[in-house]
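Survey of secondary and tertiary structure
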Amino acid sequence: MSEFLLELHSEEIPARMQAKAAADLKNIVSNQLKGAGLAFTDARAFVTPRRLALVIDGLPEKQPDVSEEKKGPKVGAHEKALEGFMKANGLTSIDQAEIRNTPKGDFYFVVNEIKGRETTEVLSEIVVETIKSFPWPKSMKWSKNSFRWVRPLHSILAIFKGETLKGSFDFGNQTLEFCNRTRGHRFLAPDWFEVKNLDDYLHKLRLAKVLVDENERRDLIETQAKELCVAEGVTLKDDQGLLNEVTGLVEWPVLLMGRIADRFMTVPHEVLSTSMKEHQKYFSVLDKDGKLANRFVFAANTETADEGKTIISGNERVLASRLSDAEFFWDQDKKSKLETRVDGLKSIVFQAKLGTLAEKIVRVQDLAGNIAEQTGCNPVYARRAAELAKADLSTGMVYEFPELQGIMGRYYALHDGESPLVAEAIADHYSPLGPSDRCPSAPISVAVALADKIDTLVGFFGIDELPTGSKDPFALRRAALSIIRLITENSLQINLRQAFAASFSAYTGQLTQPEDKTIDGLMSFIADRLKVALKDKGVRHDLITAVFALGDEDDLVRLLARVDALAGLLKTDDGVNLLAAYRRAANIVRIEEKKDKAVFDATVDTVLLQQSEEQALHGALEKASQEATKALEREDFTGAMAALAGLRPPMDAFFDKVTVNDDDPTLRKNRLCLLSRIGVILGQVADFSRIEG
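Residues numbered from 1 in each chain as written. Predicted model: local features only at pLDDT ≥ 70, side-chain atom pairs only at ≥ 80, totals over all residues. Heavy atoms only, no water.

1. Let's talk about the overall build of the protein
Defined as follows: Going along the chain from the N terminus, every DSSP run of H or I of four or more residues is numbered as a helix, and every run of E of two or more is numbered as a strand. Both definitions apply: the radius of gyration is a C-alpha atom measure, and the globule rule equals 2.2 Å times residues to the power 0.38. Whether two residues are in contact is decided by their heavy atoms: any pair within 4.5 Å suffices. Each accessible area is a Shrake-Rupley estimate made with a 1.4 Å probe; only the visible protein chains count as cover when residues are assessed. Only four residue types enter the tally: Lys and Arg on the positive side, Asp and Glu on the negative side, with His and both chain ends excluded. By convention, charge coordinates are those of NZ in Lys, CZ in Arg, CG in Asp, or CD in Glu.
Broken down by element type, the protein carries 24 helices and 20 strands. Taken over the C-alpha trace, the protein has a radius of gyration of 36 Å; the compact-globule value for 693 residues is 26 Å, which it surpasses by more than 25%. Expressed along its principal axes, the backbone C-alpha trace of the protein runs to roughly 100 × 100 × 50 Å. Sequence-distant contacts in the protein: of pairs separated by 6 or more residues, those separated by 24 or more amount to 68%. Total accessible area on the protein is roughly 33600 Å²; 50% of this is exposed by carbon and sulfur atoms. The positive charge centre, built from 90 side chains, and the negative charge centre, built from 104, are 3 Å apart in the protein.

2. Section: the state of the cysteines
What counts, and what does not: Two cysteine sulfurs form what is called a disulfide whenever their separation falls within 2.5 Å. Only protein chains enter the accessibility calculation, which uses a 1.4 Å probe; a residue whose area is less than 20% of its type maximum is buried, one above 50% is exposed, and one in between is partly exposed.
Under the definition given, this model contains 0 disulfides. With no disulfide of its own, Cys-439 has Cys-377 as its nearest cysteine by sulfur position, at a separation of 15 Å. The class of Cys-439 is buried, set by a relative accessible area of 12%.

3. Focus on the pattern of salt bridges
The cut-off we apply is this: The rule for a salt bridge is simple: a side-chain nitrogen of Lys or Arg has to be within 4 Å of a carboxyl oxygen of Asp or Glu.
The full count for this structure, using the stated rule, is 53 salt bridges. Here Lys-62 makes a salt bridge to Asp-65, at a shortest N to O gap of 3.9 Å. The exposure class of Asp-65 is partly exposed, given its relative accessible area of 44%. Between Asp-239 and Lys-277 there is a salt bridge, with its nearest N and O atoms 3.1 Å apart. One end of the pair, Asp-239, is in the loop between β15 (235-236) and α6 (240-247); the other, Lys-277, is in helix α7 (residues 269-280), and 38 residues separate them in sequence. Since its relative accessible area comes to 28%, Lys-277 is described here as partly exposed. Salt bridges sharing partners connect three or more residues here, namely Lys-360, Arg-363, Lys-390, Asp-452 and Asp-455.

4. Quick word on the packing of helix α21 (residues 612-633) against helix α23 (residues 648-657)
Note the following rule: Fitted lines through C-alpha atoms serve as axes, helices being fitted only where they are in contact, and the angles separating the N-to-C directions of these axes extend from 0 to 180 degrees. Here the angle decides the label: under 35 degrees means roughly parallel, over 145 means roughly antiparallel, 65 to 115 means roughly perpendicular, and every other value means oblique. Rotating anticlockwise by less than a right angle from the far helix to the near helix defines a left-handed crossing, while the corresponding clockwise rotation defines a right-handed one. The nonpolar class holds Ala, Val, Leu, Ile, Met, Phe, Trp, Tyr, Cys and Pro. Asp, Glu, Lys and Arg form the charged class, and all remaining residues, Gly among them, are polar.
Here α21 crosses α23 at 155°, and the two axes come no closer than 9 Å. Classified by the angle between their axes, α21 and α23 sit roughly antiparallel to one another. Considering only the axes of α21 and α23, their crossing is left-handed. On the side of α21, the interface is formed by Glu-613, Glu-614, Ala-616, Leu-617 and Ala-620, while α23 contributes Pro-650, Met-651, Ala-653, Phe-654 and Lys-657. Here the residues of the contact of α21 with α23 sort into 7 nonpolar, no polar and 3 charged.

5. Quick notes on the sheet that holds strand β17 (residues 283-286)
Filter applied, for reference: If DSSP finds at least two bridges between two strands, the strands pair.
The 4 strands lie next to each other as β15-β17-β18-β16, forming an open sheet whose pairing is antiparallel. On the outer flanks of this sheet lie β15 and β16 (254-259), each paired with one strand and no other. Where β16 and strand β18 (residues 292-300) come together, 6 bridges link them in antiparallel fashion. When the sheet's bridge partners are listed, Leu-256 is paired in β18 with Phe-298.

6. What to know about unusual backbone geometry
With an omega of -5°, the peptide bond running from Ser-431 to Pro-432 counts as cis. Residue placement: Pro-432 occurs in the loop between α13 (420-428) and α14 (443-462). With phi around 60°, Lys-281 is a residue other than glycine that occupies positive phi space. Structurally, Lys-281 is set in the loop between α7 and β17. Relative accessible area serves as the criterion here: at 21%, Lys-281 is assigned to the partly exposed category. The backbone phi angle of Glu-307 is positive, close to 60°, even though this residue is not glycine. Positionally, Glu-307 belongs in the loop between β18 and α8 (309-333).

Have a look at this one:
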């Protein structure tokens, strides 16, 4: 068993593509090896800004020999069929084939022994095919558009058992021969050198100032950055996304710390952090109070004789230029009040079929005012926050840094003297953006955030622009999950159907779908997202479906209380047996209805209840129905479930003693109606037919 080492050395690979490229290289080569019958023990991929590498351990020296059996024509078949079979299999006479008896008669068979090829030969072909078929998300065309690659390739290192593979690849106007050479850091060690295997490769590249393992580079960057911060009495701001990106920008990370000029510290700190991150890939630093400190950390991709002083000075000058632009936008934007920018939203399209952002704001204002009562805030404040929520989109700062929308609106609102509650709602109305994002809890913020997301969902569902499969270009799934979190985490008892209806009526002719279809579709969509949201919490999706199926429950807080109570019931022996008895009753009714081509409508004639067990079951059902109804009215869902749990003994006795399909058709029908009544009573709290297991 032997080792195969591959390195594709190129110009800089964009950092955002590197992790997927390494995974793709491993998967493509591994799958091709498996398809060629070459088993291996392990595969590992590496990536730096200038190289993709892969090592495969435990490869055999050649493919295994295989026998290929082919079935031919039936004995006695037409001569033409026999000639075609012989030609296809290299036979000079049909006597060279075997005759085998099968259930369908005697047939000719031929067995070809195929010798396995040398692994070196197969690997050379795999390298070429991998380069040709590599799935870069963005790439350049090469060799007269015959294939695509992200950046110019410089070399192809391909070694098996310490020997260079034979082969080459035509890349653009040059032919790259497979080799056993690579080179180190672009500036610190640019010379070529030979390697023998993975250990030699990693060792010599480290000496040549290249850390091939991205995990090692990431850990080193984080460790050095934190050490710099500790020395200055500050803390590194956690940003795993930026850490991953910087890892893809350097091959030999050297962390340095610079200083932000004091004049820029009056600019909102979110602006400074965003500018440093997006434009310069700098890490922000926090002081002991958790506020932005006048320091920044960055990764240099080189070592210098002056310990980085020149590099630090240069980066401070570059940052000062960047922050001067941000300072300019901040000063200019403050010259106009936020409310004067609302009119500018008329020129910003929300969606081609749904109109402008100005039209959306009018709808959101009305909806936020309606929701305000249910969130417990002043409707006037809610409407004002909704009016100003999108106004910062027409500011210079948000044009330059779109990710600061909402955040800058808060700053401008406070500068204009708006209520702090209104300003916070402007900043919060986009939230929560994901499962790990903070969920707003301030009543005004919740009202505006809900109104904004409900308007979006109703609008897109109303024009039949729905998510399909994995595609969700308008982030409607995220909007639905945000609505769920806003309602459930704030324990808001909101009638979603009414909210959707109010939003639908606020649109003036843009929507093409009927109102009932739009709202029904939205309720199903919310139910599906609710299952996703609660999956990690261990809540069974079928129980959510069972409660949603009632069709009269659109208060998510109340619905989840029902689900919790139902889950509690099904954890008990009484609940499990009750479910089993329900299914037995439902199956009997279903079978008999199909047989009779009739419907047993749960109307029971008490006069026909002859046996004590059926009388007891009927009495227990009516008692449970009354108790469950009263419990549901006071939203005591646990009490409602307890009332149903008491049905187990009389149901068991009924099935044990009573013959449902009595010879008397009148008694039979009445008993089937009694069984149908079980489903009706249980259906007060959930649709038990939707419960799995």
